[in-house]
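Next come the chains, spelled out residue by residue.
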Amino acid sequence: MKSFIKIIFIPLILVSCNKSVLEKEFSCNAQSFNASTETVIDVKKTFSIEIPMHWKTNLFYDKMQSSIYSADTTKQLSETILIDITHLQSNYRFNDHFKKQLTINDSIQKLTSKKQHSFLFKNRDAYFTLSNGKKGSFKYQILNIFVKQNNFNSFHLKTEVYGDSAINTRFCQAIQTLNSITFNAPQ
C-alpha cells in the first residue's frame, strides 16, 4: 500500500515543484494549450515567441523598442487573451522607486493592484504585477512582467484578460505562451 501511495504522489510532487511562480499564482496545471503555433520574431531580432497560428499578430519598432502584439481575434473580447511583448533599450531596477512608479501607473489607469512580486523568469531577474480595473463596460485584469536582460536591455511582457469567465485558464494559456519566449538580446 505504501509503495502504491509513493507511486501516485511522487510524480505529483515533482510536477508541482517544477511549476513557475506564475503557474503557481494562477493554479495552472500541466494541461497543454491546444493550438498549432508559429515562431514570431520581432523586427530587431531580439526575441522570438511561439504564437498560435490563428492569432492576429502585429509588429512594432522604433529606435528604443521592438514589440510583438498578438491576440485571438476569433473570440469575443471577454473570452480571449491579449499579449504584448516589448524589448526596451533601458534597464529595470526593481527598487522602491520602480515599485512606486508601478503604483502611480495603476492609479493613473484606475487600476487596483492585487499582487506584486519579484521572481526569476527564464533565469533572469523579473518582477510581476497583477492588477484589475475596468475599460469601458468590461472588467479586466492585467499581468505585467518586467524582465531584466542586462544593464542596457529589458523586456516588458503584458497580458490582458477581459470579462469574468475562465480568468485563470486564460492567464495559464498566456503564461504557457510567454514561457515559449526566446531572448536573443546580448546578455
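Residues numbered from 1 in each chain as written. Predicted model: local features only at pLDDT ≥ 70, side-chain atom pairs only at ≥ 80, totals over all residues. Heavy atoms only, no water.

Engineer: Help me understand the overall build of the chain in this model?
Structural biologist: Helix and strand counts for the chain stand at four helices and ten strands. Written out in order from the N terminus, the α and β elements of the chain read α-α-β-β-β-β-β-α-β-β-β-β-α-β. Relative to its full complement of 187 residues, the chain shows a buried share of 40%. Put simply, the chain shows about 10900 Å² of open surface, and 53% of that area lies on carbon and sulfur atoms. (Helix = DSSP H or I, 4+ residues; strand = E, 2+ residues; numbered from the N terminus. Buried < 20%, exposed > 50% of the residue type's maximum accessible area, 1.4 Å probe, protein only. Areas by Shrake-Rupley, 256 points an atom, 1.4 Å probe, with all protein chains shown as cover.)

Engineer: Would you mind going over the sheet that holds strand β7 (residues 124–135) with me for this structure?
Structural biologist: Sheets are built from strands that pair by backbone hydrogen bonding, the pairs being arranged parallel or antiparallel. An order of β3-β4-β5-β9-β8-β7-β6 is seen for the seven strands of this open sheet, with the pairing classed as antiparallel. Among the strands making up the open sheet, the edge pair consists of β3 (56–61) and β6 (112–121). Ignoring which end each strand starts from, the neighbouring axes of this sheet average 15 degrees apart. Here β6 runs beside β7; their pairing, made up of nine bridges, is antiparallel. Bridged to S113 within β7 is S131. The strands touched by helix α4 (residues 167–178) are β5 (82–88), β6, β7, β8 (138–148) and β9 (154–162); relative to β9, the strand with the most contacts, the crossing angle is about 155 degrees. (Pairing = 2+ DSSP bridges. Axes fitted to C-alpha atoms, helices over the stretch in contact; angles between N-to-C directions. Contact = heavy atoms within 4.5 Å.)

Engineer: What should I look at first to understand the side chain of T86 in this one?
Structural biologist: In this structure, T86 sits in strand β5. Assessed through its relative accessible area of 9%, T86 is described here as buried. Aside from chain neighbours lying at most four places away, what touches T86 is Q65, S66, S67, S154, F155 and H156.

Engineer: Whenever I open this one, the pattern of salt bridges confuses me. Can you help?
Structural biologist: Two side chains that carry opposite charge are able to pair once their charged atoms sit near each other. Summed over the entire model, instances satisfying the criterion amount to four salt bridges. Between D72 and K75 there is a salt bridge, with its nearest N and O atoms 4.0 Å apart. For E160, the salt bridge is made with K135, and the minimal N-O distance between the two is 3.7 Å. Taken together, the residues E160 in strand β9 and K135 in strand β7 connect sequence positions 25 residues apart. What makes E160 buried here is its relative accessible area of 9%. In this structure, a network of salt bridges that share partners links the residues K135, K158 and E160. (Salt bridge = Lys/Arg side-chain N within 4 Å of Asp/Glu carboxyl O.)

Engineer: Quick question: what am I supposed to make of the confidence of the model for the chain here?
Structural biologist: Detailed reading of the predicted coordinates is not advisable wherever pLDDT falls low. Confidence in the prediction for the chain averages 87 pLDDT; 87% of positions are at 70 or higher. Here residues 4–16 is modelled with pLDDT under 50, and outside its nearest four sequence neighbours on either side it reaches two contacts, counting other chains as well. (pLDDT = per-residue confidence, 0-100.)

Engineer: Explain the packing of aromatic side chains to me, please; I cannot follow it from the model alone.
Structural biologist: Geometry of an aromatic ring pair is reported as the spacing of the ring centres plus the angle between the planes. Summed over all chains, the structure comprises 15 aromatic pairs. Consider the rings of F98 and Y127, whose centres lie 5.7 Å apart with planes at 90 degrees: the pair is edge-to-face. Pair noted here: F98 is in helix α3 (residues 96–108) and Y127 is in strand β7, with a separation of 29 residues, a long-range link. Residue class for F98 comes out buried when judged on its relative accessible area of 10%. (Phe/Tyr/Trp six-rings, centres within 6.5 Å; stacked < 30°, edge-to-face > 60°.)

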